[in-house]
Amino acid sequence: MKIVVCVKQVPDIQSERTMEDGRLVRGRDDGLNELDENAVEAAVSLAERHSGTVTALTMGPAEAGDALRRALQMGADDAVHVLDDALAGADVGVTARVLAAAIRLVESDGPVDLVVTGMATMDSLTSMLPDALAVALALPALTLAAEVECDGATARITRTIGEHTEVLSAPLPVLLSVTDQANEPRIPNFASMKAARGRPVRTVGLADLGLDDVRPATAVLTATPRPPRAPGTIVTDTGDAGERLAAFLRGRGLA
Ligand SMILES: Cc1cc2nc3c(=O)[nH]c(=O)nc-3n(C[C@H](O)[C@H](O)[C@H](O)COP(=O)(O)OP(=O)(O)OC[C@H]3O[C@@H](n4cnc5c(N)ncnc54)[C@H](O)[C@@H]3O)c2cc1C
């Protein structure tokens, strides 16, 4: 079974975010998107069960190589890095087209059975990429999986949407997005880190993918920090809290 797992390098979730020219400033304390660890774990454990291979794929600047290294340490066999200055400012549509072209390139030595992604990135958080990528590849999408099963011919997922738990299946090839409920990502040990150093990382540009026009259809016009929230009003109950709450709501036209 041939599996591609998509991973993204993102700024540390704890760090303060700054924007410049409508873009998130990157490269200070970036690392593998936490939710993509679940994607890598799902891909590697499926490959282990089905004697498969895993290729980790990212589109991003040079620093995004760190995310690929982490995926290799977790057990991916090789990696592809799409690196091209023309991709700065790529939107979801462009990202999906580029990743789809890279997956086609991976397919030059055999068809891909599974494309696995995380459920969202911690920087853009659109959760749109998995569906957009499935459309670009003309694959069925089984998204937001909390459980994944695959018998080598069909993939089956369990997911919870609102009050309902759904079980879905699709024949391979298929795209899966997994949630943080899907598994417990492994922590690479010394041996796996050492092994990862010898695994190949192929860097490709747009020309290698046969793409030239990658202008995004959307543009960030402005990006300004949200103003700090005003402190709330605390009503301490000294016997008249109900009246004071009612007066507070009346004062705002809510009662
Ligand atoms: C107008 C515009 C300009 C933008 N400019 C920039 C920019 O300059 N630089 C920038 O980095 N982002 C930029 N973005 C954001 C970028 O388009 C998104 O990061 C990208 O479309 C993926 O969306 P997402 O991060 O919300 O992924 P989601 O849909 O939330 O992610 C789901 C999963 O998709 C996979 N995935 C997502 N992105 C990648 C990737 N790049 N490589 C491999 N797998 C991936 C991961 O498995 C992830 O868990 C811009 C967005 C817009 C709308």
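These lines cover the structure that appears in this document, whether it is placed above or below. Values in this document were obtained by computation on a predicted structure and should not be read as measured data. Positions within a chain are numbered from 1, following the residues in the order the chain's sequence is written. Given that the model is predicted, a residue must reach a pLDDT of at least 70 before its local features are reported, and side-chain atom pairs must reach 80 or more before they are shown or counted; all residues, however, enter totals for whole chains, interfaces and linings. Excluding hydrogens and water, the side-chain figures rest on all heavy atoms present in the structure.

Here we look at the sheet that holds strand β6 (residues 53–59)
No. 1: Between any two strands, pairing holds if DSSP finds at least two bridges. We count a stretch as a helix when DSSP gives it H or I for four or more residues in a row; a strand needs E for two or more, and each element gets its number in order from the N terminus. Strand order in the open sheet formed by seven strands is β9-β13-β8-β1-β6-β7-β14, and the pairing between neighbours is parallel. Two strands close off the open sheet at either side, each with one partner strand: β9 (141–145) and β14 (201–204). Across the sheet, the mean angle from the axis of one strand to that of its neighbour is 20°, orientation sign disregarded.
No. 2: Two strands pair when backbone bridges link them, and strand β1 (residues 2–6) and strand β8 (residues 114–118) are joined in this way by three bridges, in the parallel orientation. Bridge pairing in β8 places Ile-3 opposite Leu-114.
No. 3: Here a residue-residue contact requires only that any non-hydrogen atoms of the pair lie within 4.5 Å. Note on geometry: axes are C-alpha line fits, over the in-contact stretch for helices, and angles between N-to-C directions span 0 to 180 degrees. Sheet strands touched by helix α3 (residues 92–106): β1, β6, β7 (78–82), β8 and β14. Its angle to β6, the strand with the most contacts, is close to 145°.

A word on the site of the ligand
No. 1: One heavy atom suffices: a residue is near a molecule or strand as soon as one of its heavy atoms comes within 4 Å of it. Near the ligand lie 32 residues; those nearest to it are Lys-8, Asp-36, Ala-90, Thr-121 and Thr-126.
No. 2: Within the backbone of Met-59, a nitrogen or oxygen atom sits 2.9 Å from a nitrogen atom of the ligand.
No. 3: Measuring from an oxygen atom of the ligand, one finds a backbone N or O atom of Gly-89 at 2.8 Å.
No. 4: Protein chains bury 87% of the 930 Å² of accessible surface belonging to the ligand in isolation.
No. 5: Among the elements of the structure, β6, α3, β8 and α4 (129–137) are those that each provide at least two residues to the shell around the ligand.
No. 6: Per-class residue counts for the shell around the ligand are 15 nonpolar, 11 polar and six charged. In the analysis that follows, any N or O atom pair within 3.5 Å is treated as a polar contact, provided that within protein one partner can donate a hydrogen and the other can accept it, and provided that, for residues neighboring in sequence, both atoms belong to side chains. The Shrake-Rupley method, run with a 1.4 Å probe, gives the accessible areas here. Residue values count only the displayed protein chains as cover. Residues are grouped as follows: Ala, Val, Leu, Ile, Met, Phe, Trp, Tyr, Cys and Pro are nonpolar; Asp, Glu, Lys and Arg are charged; every other residue, Gly included, is polar.

Considering the pairing of β7
No. 1: Counting buried positions over the five residues of β7 gives four, a clear majority of the element.
No. 2: Alignment of β6 against β7, held across five bridges, turns out to be parallel. Its bridge partner being in β7, Ala-56 is matched across the sheet by Ala-79.
No. 3: Following the backbone out of β6, through helix α2 (residues 65–73) and into the adjacent parallel β7, one traces a crossover that is right-handed.
No. 4: With four bridges joining them, β7 and β14 adopt parallel strand pairing. Looking at the pairing, His-81 lines up with Thr-203 of β14. Exposure is judged per residue with a 1.4 Å probe applied to protein chains only, and the accessible area is read against the type maximum: over 50% gives exposed, under 20% gives buried, and values in between give partly exposed. Whether a crossover is right-handed comes down to one check: with the strands pointing away from the viewer, does the path from the first strand over the helix to the second run clockwise; if it does, it is right-handed.

Details of the pattern of salt bridges
No. 1: The salt bridge definition used is simple: a Lys or Arg side-chain nitrogen within 4 Å of an Asp or Glu carboxyl oxygen. Within this structure, the stated rule accounts for 10 salt bridges.
No. 2: Note that Lys-8 is salt-bridged to Asp-123, the shortest N-O span being 3.1 Å. Of this pair, Lys-8 sits in the loop between β1 and β2 (9–11) while Asp-123 is found in the loop between β8 and α4, placing the two residues 115 residues apart along the sequence.
No. 3: Exposure remark for Lys-8: the relative accessible area of 23% places this residue in the partly exposed category.
No. 4: Since its relative accessible area comes to 14%, Asp-123 is described here as buried.

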